[in-house]
Amino acid sequence: MFRKDPDHLYRAEPLAALPWLEHGFGTRLSEGWHAGRRTALLTQVHSALALVAERDGLIGEADALISNQPCLLLGVRTADCAPIILADPVHRSVAVIHAGWRGAAGEIVARTIQLLEETYRTQAAHLTAAIGPTIGECCYEVGPEVASRFERWFPERDDLDQRTRLDLEEALYRQLVEAAVPPQHISRSGLCTRCGEEEFYSYRRQGKAAGRMVSGVAIWP
Ligand SMILES: [Zn+2]
């Protein structure tokens, strides 16, 4: 359900099919794609906080943005964390989320959907959602202090009290379903940012020097 376009952005087909919406999941080759557009960004702090964006520029310290403003690109920067885009075709509102393990454990997905509901009367059942490239279970070894925070979303696993691998994309998928987004409305890339050295920046592979990839969504009138 994901494709890579000539501009080096990944796109989720169900979001690309919405004529009023533009979106893209960044790669290391798409750097600067948002330049020249009115873009709302965040000082990302690995929180579970979502804010409403009504203008461009830095909106605040948080890790998700929602808006119904036309021609305003909502962006997040990632390198292993997951970028998530949500679109409500009924009320024409959108959201972008930056979710690493801290955000996921803090339920940033549910909190962002809740803010959409409160602000734009969005119903989760109408949402189209896409989880972009993120670190895969193949590469995401975490300690018990991290793994144990995900017991609720992986009740079938009995190894979360020890050092183990975490499937962040699957956790976020289950959180979307838990928040009442229909499973058939959810796209996932299945791409690992740490494995995909030529395409993606990766904090686990490159450390603090890793670049950041911009993923974003905008409404077009
Ligand atoms: Zn991997």
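Residues numbered from 1 in each chain as written. Predicted model: local features only at pLDDT ≥ 70, side-chain atom pairs only at ≥ 80, totals over all residues.

A. Representation of the sheet that holds strand E4 (residues 39-43). With mixed pairing, the five strands of this open sheet are ordered in space as E3-E15-E8-E4-E6. At either end of the open sheet lies a strand with only one pairing partner, and these are strand E3 (21-24) and strand E6 (57-61). Taken over all neighbouring pairs, the strand axes of this sheet differ in orientation by 25° on average, direction set aside. Across four bridges, E3 lies against strand E15 (residues 213-219) in antiparallel orientation. Residue His23 lies in a different strand from E15, and its bridge partner there is Val217. (Pairing = 2+ DSSP bridges. Helix = DSSP H or I, 4+ residues; strand = E, 2+ residues; numbered from the N terminus. Axes fitted to C-alpha atoms, helices over the stretch in contact; angles between N-to-C directions.)

B. Seen up close, the environment of Val94. By the element assignment, Val94 lies in strand E10 (residues 93-99). Considering only alpha carbons, one finds Val94 and Gln69, 25 residues apart in sequence, at a separation of 9.0 Å. Sequence-distant contacts of Val94, that is, excluding residues within four places in its chain, are made with Leu21, Ile66, Ser67, Leu74, Leu86, Ala87, Val217 and Ile219. (Contact = placed C-beta atoms within 7 Å.)

C. Expanded view of the sheet that holds E10. The sheet built from six strands is open, its strands ordered E5-E7-E10-E9-E11-E14 with mixed pairing. Two strands close off the open sheet at either side, each with one partner strand: strand E5 (50-52) and strand E14 (186-188). In this sheet, adjacent strand axes meet at a mean angle of 15° when their direction is disregarded. Here strand E11 (residues 128-131) pairs with E14 via three bridges, running parallel. Counted as the bridge partner of Ala129 is Ile186 from E14. Along the sheet face, helix H3 (residues 108-120) touches E5, strand E7 (64-67), strand E9 (82-88) and E10 and points at about 160° away from the line of E10.

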